[in-house]
Amino acid sequence: MSEKPELFLFVWDQFCTDYTDGLAVAIAETVEQAQKLIEQKRGYPPFDWGPVQQFPASEPIAFCVTGGA
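Since the model is a prediction, treat every value here as computed from it, not as a measurement. (Residues numbered from 1 in each chain as written. Predicted model: local features only at pLDDT ≥ 70, side-chain atom pairs only at ≥ 80, totals over all residues. Heavy atoms only, no water.)

Colleague: Where do I start with the overall build of the protein chain in this structure?
Modeller: Within the protein chain, the secondary structure is distributed over one helix and three strands. Listing every helix and strand of the protein chain by position from the N terminus yields β-β-α-β. Along the three orthogonal principal directions, the C-alpha set of the protein chain runs to about 50 × 25 × 15 Å. In the protein chain, once contacts between residues fewer than 6 apart in sequence are set aside, the share between residues at least 24 apart is 45%. For the protein chain, the centre of its 4 positive side-chain charges and the centre of its 10 negative side-chain charges are spaced 11 Å apart. (Helix = DSSP H or I, 4+ residues; strand = E, 2+ residues; numbered from the N terminus. Contact = heavy atoms within 4.5 Å. Lys, Arg positive; Asp, Glu negative; His and termini not counted. Charge placed at Lys NZ, Arg CZ, Asp CG, Glu CD.)

Okay, here's the thing in structure tokens:
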């Protein structure tokens, strides 16, 4: 029986900043895999990833993004 790979939640909360910060998230094994998944979903690469945060996908976690001008 093979072990499941360890998954992480990757969060970019300053993704493609323009007038405001963008948000990108992915669950993947590596940051490179997460970036590839986001690029596939988006349809093209971002002009700026911003800093990334990494969390174990095996623990409860929450985020909140508030809108505004």
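Colleague: Help me understand unusual backbone geometry in this model?
Modeller: The residue Cys16 is not glycine, and still its phi comes out positive at about 45°. Relative to the helices and strands, Cys16 is located in the loop between strand E1 (8–15) and strand E2 (22–28).

Colleague: Even after reading the chapter, I still don't get the environment of Phe15, so can you show me in this structure?
Modeller: Here Phe15 is to be found in strand E1. Sequence spacing of Phe15 and Gly50 is 35 residues, and the spatial spacing of their C-alpha atoms is 5.4 Å. Contacts of Phe15, omitting those with residues within four sequence positions, involve Asp21, Gly22, Leu23, Ala24, Ile38, Arg42, Pro46, Asp48 and Trp49.

Colleague: What is the right way to look at a nonpolar patch on the surface in this model?
Modeller: A cluster of nonpolar side chains, contributed by Leu23, Val25 and Val65, occupies part of the molecular surface with about 280 Å² of accessible area. Examined against the element boundaries, Val65 turns out to sit in the segment after strand E3 (53–56). (Patch = residues over 30% accessible without salt bridge, like charges linked within 9 Å, V, L, I, M, F, W, Y side chains within 5 Å. Areas by Shrake-Rupley, 256 points an atom, 1.4 Å probe, with all protein chains shown as cover. Salt bridge = Lys/Arg side-chain N within 4 Å of Asp/Glu carboxyl O.)

Colleague: Just to check I follow, could you spell out the layout of surface pockets for this structure?
Modeller: Summary: where empty space remains is shown by rolling a probe the size of a single water molecule over the atoms. Each pocket or cavity is described by its volume, and for the largest pocket that value is around 180 Å³. Looking at the largest pocket, it is lined by 13 residues, and the ones nearest its centre are Asp13, Asp21, Gly22, Val65 and Thr66. For the lining of the largest pocket, the elements supplying multiple residues, two or more each, are E1 and E2. Tallied by class, the residues present in the lining of the largest pocket amount to five nonpolar, six polar and two charged. (1 Å grid on protein atoms, 1.4 Å probe; cavity = no way out; pocket = protein on both sides within 12 Å on 5 of 7 lines; lining within 4 Å. Points joined across faces, edges and corners; volume = space filled by probe spheres on them. Nonpolar A, V, L, I, M, F, W, Y, C, P; charged D, E, K, R; others polar.)

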